[in-house]
Amino acid sequence: MRALGQSRSGRREMMEKSFQAAEVEPRIAERWDEAGAFRAGRPERRNAEPYCVVIPPPNVTGNLHMGHALNNTLQDILCRYQRMNGRDVLWQPGTDHAGIATQMVVERQLAERQEADRRTLGRDAFLARVWEWKAESGGAIVQQLHRLGASCDWSRERFTLDEGLSKAVAKVFVQLHRDGLIYKAKRLVNWDPKFQTAISDLEVVQVECKGSLKWARADGAPLDEAALAKTLGRNPGGHLYYFDYPVVDAQGEETGEVVTVATTRPETMLGDSAVAVHPDDPRFAKLVGANLRLPLVGRLIRIVADAYSDPEKGTGAVKITPAHDFNDFEVGRRHEAQGARAINIFDAEARVQLKGNLDFFDGLDAADHELARLIAAVHGADRFIARARIVAMMAIEGRLAKIEPHAHTVPHGDRSNAVIEPWLTDQWYVDAKTLAQPALAAVRDGRTQFTPKNWEKTYYDWLENIQPWCVSRQLWWGHQIPAWYAPWGSVYVEESEEAAFAAALADGVERGALSAREANALAGDPERLRATFERDPDVLDTWFSSALWPFSTLGWPEDTAELERFYPTSALVTGFDIIFFWVARMMMMGLHFRGEVPFRDVYIHALVRDEKGAKMSKSKGNVIDPLALIERFGADALRFTLAAMAAQGRDIKLSESRVEGYRNFATKLWNASRFAEMNGCARLAGFDPRAAKEPLNRWILGEAAAAVAETSAAIESYRFNDAANAAYRFVWSVFCDWCLELAKPVLQAEGESAAKRETQATIAHVLDDVIALLHPFMPFVTEELWAIKGEAGPPRESVLALGPWPDAAFAVDPTAEDEIGWVVDLISEIRSVRSEMGVPAAAQPKLTLVQASPAQAEVARRWSETIKRLARMGEVDFAEAAPAASLQLVVRGAVAAIPVAGILDIAAERARLDKEIAGEQGEIAKVDAKLANADFVARAPEEVVAEHQERREASLARIAKMTAARERLQRL
């Protein structure tokens, strides 16, 4: 491929007619790599101020989606801007091992190839297959980030399971354990019965279920057990079941009174150990402390008073199953003295497990005939099959009062799609409450600040109500927990196997569990050691290693130069959905292990939705693929679209037409550069913009400096949309539409002149500013233009990615602004009036300046040809009074009149405006009627309501314009 802008013979060629993103982007990316443009620690920046951003590590299994595209575009804007301003920038890249997702991918691959499954292979062989998969397929998203233009220091790419990060994870786990902040306990977790592992709240999706079965005992009809089983087979949720629990006296005899409980999960009644009522509910006041007999099972359970029970919901009485509901677990802890104990009735696959279940049989007669019948019916059954059988048995016993359809959400695993079971199991936990206190203080005192500010409240709410963090997962792919179990019941938590074995042997001898001779024999036999001291098979939650990301990626626990220079990092850009799961945990770990916050600023961006405002999802078929948009329109167009729409706190409504529009903006920039080239606008050695004399040149230099200052301020305050739009307005509406148009007469005049040479040099200078100003947003086209324009004039010192950022120091020249600004405003106002009043495009009426001052008259004469050409006017003259039947406009104090007699049918134009105003008012009335309908507002999707509100605002704006035009006509 030929060098940029050069023919194969080496002679200079004209710029290509259009920018071909697909051809240019790979070449530009290669040039950045060759220049080492994104490397931190460049020698010439040894003394520069550091700036560091850590990438939210995407899953190694992932592909670039629109959320990634937005997040990484915003990070890249920050990094490119700071790099161009001379700072030593480290944008730290890397990927997450994504425990459950990656393990699932490889297990599915084994199944598709009809190879041995995970358990048949064994742990070591399976993990080897996962590493093979990573080497072959795990880098897709990194390459996709390259395509987006992400300017990470790719030479420092990390992986959460690489050797250095694994060392950091082990050290943190061991230290937290020694500090008493990691412990093992039996608590409820989100259990995925398909994958047979605990999962985080973030991996749980709530699915609304609504059933259709309706039955009441009072109706006298028998319950159709087959229909019930069929209904539950299709939809495991969506019903409320009302069960009667009989009240018993002190001797255990039924009193004839019942307490009716409503539940969505009948099968969990087998583990009930209490019924809760509200302390202030008069219906149950005399029953608090009484016993109930649990139907089918026979267990005596207590009625307890607890504010958790809502008198307005169901019957006001709530069955309490501490082992299978998170709220019930807490109620059980509060009433443990009243017998509200946890009774686990499921196995790991969510099948009913009663035989041999000591907790279940505690207090029961195992030989009881009715109990044996229950066990025969449900033991070993899937929970939803057991549900149907229990409901049917309750109906036979006369304890089922009714069944009602009931819409509610049911938790599902986001990858397995299995219904998640709250399950009581032994897991490792972090004492998050203790670690949260410094993290709360750091935000309260301003050491870390959120943008937008309102997200601090979310952060506080989560951390102030934080629960122990379950960090163990029943997987094989991940950081295996560094804990070893001895036959005598002790646990040894160490950073390495060798250290654990040494500690276990020494402790075993000390406590008399081993003789010195046995210990010495074991010490010399690694296989026997591993057989004697079994390592915990679980791995750590992926978020555990991610919580260390800001300092582990910089080399911790070693005291590296990078850690000293770049920690704390400068900014974090992430989504609101992981403030708790990732941001808060990085704060906790950074403060505990480094004594400093991990980042100074946290910018929380919003969601990217479809053009109607709906959340993107595969099921809706409205997912927009960023890679497809890059293929069609180029990375620059997508990046600029996302930046221009990234208003703080507002979701992005993305449409292909917007991306296409910003592709046209890139084309506009390209065409402006070609125009400059064709008109001799080349960079000039020694050009000093402060010495420019021509008003147009001084005006555009001032406008450029103002745009640079506005864009810089917006980027630095994370107002990405304001920054992009400031750059866009200047480039399109000021530089292209006005500067180049106003400069045409000078540039295209015959011969040479000082004014022409100055204008050519000024335009080349401002074009450099334009290219640099847009670089953080549109890096590919700007880097290409930087190289092309660098072929003339003084040599470039570096690729554009390394700067410089344009200078904002040029002061606005008031005299030049008065002159050029007035010309621009005059032409703009004439165009607007012509459009609003319906003046035919072919008509060229006279423009009369009324009582113009000598200075205004001089400017008008100097620019009269340009005014006539751009505003489509016949001639420019001067008068003491406005001509009859003329449209009048005031521009910066000057009165201009456009006679329209014979050009405009005033009566017809009034009628047209009246009709269009009425039409818009009719549209507003329709929208208002819908928005006033409470049922519509409640039922319609949020994006539909927003669309109606936007239509109303647009109609109001059009009415305002047409009303102004109508009033102008009225004055004729």
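Structural data are supplied above this passage.
Values in this document were obtained by computation on a predicted structure and should not be read as measured data.

1. Some remarks on the sheet that holds strand 22 (residues 491–493)
Two strands in a sheet stick together by hydrogen bonds in their backbones, pointing the same way (parallel) or opposite ways (antiparallel). Read from one edge of the open sheet, three strands run 22-21-23, paired in antiparallel fashion. This sheet does not close on itself; its edge strands, each paired only once, are strand 22 and strand 23 (534–535). Pairing analysis gives two bridges linking strand 21 (residues 483–485) to strand 23, with the strands arranged antiparallel. Residue pairing in the sheet places W484 in a bridge with R535 of strand 23. Contacts between helix 15 (residues 497–511) and the sheet are confined to strand 21 and strand 22, with strand 22 contributing the most and set at about 140° to the helix.

2. Some thoughts on the pairing of strand 25 (residues 569–575)
Counted residue by residue, strand 25 has seven buried out of seven residues, so it is predominantly covered. In this sheet, strand 26 (residues 599–605) lies alongside strand 25 in parallel orientation, the contact comprising six bridges. Paired with L572 across the strands is V602, a residue of strand 26. Note that the unit made of strand 25, helix 21 (residues 579–594) and strand 26 has a crossover that is right-handed.

3. Details of the pattern of salt bridges
Under the criterion given, the structure shown has 69 salt bridges. Close ionic contact of E456 with K453 constitutes a salt bridge, the shortest N to O distance being 3.2 Å. For E456, a relative accessible area of 7% puts it in the buried group. For K453, a relative accessible area of 53% corresponds to the exposed category. In this structure, K457 and D461 form a salt bridge, with 3.0 Å as the shortest nitrogen-oxygen distance. Remark: D461 and K457 occur in helix 14 (residues 455–464); sequence separation between them is four residues, near one turn of the helix. On the accessibility criterion, K457 (55% relative accessible area) is exposed. A network of salt bridges, in which partner residues are shared, links R265, E267, R383, R387 and E421.

4. Regarding the packing of aromatic side chains
Centre distance and the angle of the planes are the two values used to describe a pair of aromatic rings. Across all of its chains, the model carries 36 aromatic pairs by this definition. Residues W131 and W477 carry aromatic rings whose centres are separated by 5.1 Å and whose planes lie at 70° to one another, so their mutual orientation is edge-to-face. Of this pair, W131 sits in helix 5 (residues 123–137) while W477 is found in the loop between strand 20 (472–473) and strand 21, placing the two residues 346 residues apart along the sequence. By relative accessible area, W131 is classed as partly exposed at 39%. Ring geometry for Y459 versus Y460: centroids 6.1 Å apart, planes at 65°, classification edge-to-face. Taking the relative accessible area as the measure of exposure, Y459 reaches 1% and is therefore buried. Classification of Y460 by relative accessible area gives buried; the value is 16%. Here a set of aromatic residues connected by ring pairs shows up, and it is made of F640, Y662, F665, Y728, W732 and F777.

5. Focus on the sheet that holds strand 31 (residues 886–891)
In space, the four strands of this open sheet follow the order 30-29-32-31, with mixed pairing throughout. Each end of this open sheet is capped by a strand with a single partner; those strands are strand 30 (876–879) and strand 31. Each strand axis lies, on average, 30° off the axis of its neighbour in the sheet, ignoring direction. Looking at chain direction, strand 29 (residues 847–850) and strand 32 (residues 894–899) are connected through three bridges and run antiparallel. Within the sheet, the bridge partner assigned to L849 lies in strand 32 and is A896. Those strands touched by helix 29 (residues 814–837) are strand 29, strand 31 and strand 32, and its axis lies near 145° from that of strand 31.

6. Quick notes on the packing of helix 26 (residues 720–747) against helix 27 (residues 754–774)
Packed helices, taken two at a time, are described by their axes: the angle between them and the distance between them. Running from N to C, helix 26 and helix 27 point in directions that differ by 165°, and their axes come no closer than 11 Å. Taken together, the axes of helix 26 and helix 27 lie roughly antiparallel to each other. Read as a crossing pair, helix 26 and helix 27 show a hand that is left-handed. Note on element contacts: helix 27 touches helix 26 through A755, K756, T759, Q760, I763, V766, L767, V770, L773 and L774, opposite A727, F730, V731, F735, C739, L740, A743, V746 and L747.

7. Details of the packing of helix 24 (residues 656–678) against helix 28 (residues 779–789)
Between helix 24 and helix 28, whose axes approach to 11 Å, the crossing angle comes to 5°. What the angle tells us is that helix 24 and helix 28 run roughly parallel. Taken together, the residues of helix 28 that come into contact with helix 24 (itself represented by L669, W670, S673 and E677) are V781, T782, E784, L785, I788 and K789.

8. Some words on the nonpolar core
Note on soluble globular proteins: their nonpolar side chains tend to be buried together. Within the largest apolar cluster, 202 residues are counted, with the highest numbers of intra-cluster contacts made by M66, Y459, F544, M589, W699, F730 and F735. Looking at this core, the element that brings in the most residues is helix 26, giving 15 residues. With sequence-adjacent residues up to four places away left out, F735 is seen in contact with A672, I700, F730, L740, I763, V766, L767 and V770. One finds A185, V275, I390 and W423 within the second-largest nonpolar core, a separate group that totals 52 residues.

9. A closer look at the environment of D201
Summarising the element assignment, D201 is placed in the loop between strand 6 (197–199) and strand 7 (204–209). Between the alpha carbons of D201 and R862 there is a distance of 70 Å; along the sequence they are 661 residues apart. For D201, the contacting residues outside a window of four places in its chain are N190 and F581. Here N190 takes part through its side chain, which lies 2.7 Å from a polar atom of the side chain of D201.

10. Here we look at the pairing of strand 31
Here strand 31 runs beside strand 32; their pairing, made up of six bridges, is antiparallel. Looking at strand 32, one finds that S886 is bridged to P899. The antiparallel hairpin formed by strand 31 and strand 32 contains two residues in its connecting segment, where R892 sits at a positive phi of about 50°.

11. Some words on unusual backbone geometry
For the bond from Y567 to P568, the omega torsion is 0°, close enough to zero to count as cis. With respect to the helices and strands, the residue P568 is situated in the loop between helix 20 (561–566) and strand 25. With an omega of 10°, the peptide bond running from G803 to P804 counts as cis. For P804, the position within the fold is in the loop between helix 28 and helix 29. Phi angles above zero are rare outside glycine, and Q196 is one such case at about 55°. Structurally, the position occupied by Q196 is in the loop between strand 5 (182–192) and strand 6. For Q196, a relative accessible area of 28% puts it in the partly exposed group.

Rules and cut-offs
- Residues numbered from 1 in each chain as written.
- Predicted model: local features only at pLDDT ≥ 70, side-chain atom pairs only at ≥ 80, totals over all residues.
- Heavy atoms only, no water.
- Pairing = 2+ DSSP bridges.
- Helix = DSSP H or I, 4+ residues; strand = E, 2+ residues; numbered from the N terminus.
- Contact = heavy atoms within 4.5 Å.
- Axes fitted to C-alpha atoms, helices over the stretch in contact; angles between N-to-C directions.
- Buried < 20%, exposed > 50% of the residue type's maximum accessible area, 1.4 Å probe, protein only.
- Right-handed = clockwise from strand over helix to strand, strands pointing away.
- Salt bridge = Lys/Arg side-chain N within 4 Å of Asp/Glu carboxyl O.
- Phe/Tyr/Trp six-rings, centres within 6.5 Å; stacked < 30°, edge-to-face > 60°.
- Parallel < 35°, antiparallel > 145°, perpendicular 65-115°, else oblique.
- Left-handed = near helix turned anticlockwise from the far one by under 90°.
- Core = buried A, V, L, I, M, F, W, Y, C linked by side-chain atoms within 4.5 Å.
- Polar contact = N/O pair within 3.5 Å; in protein donor to acceptor, adjacent residues only side chain to side chain.

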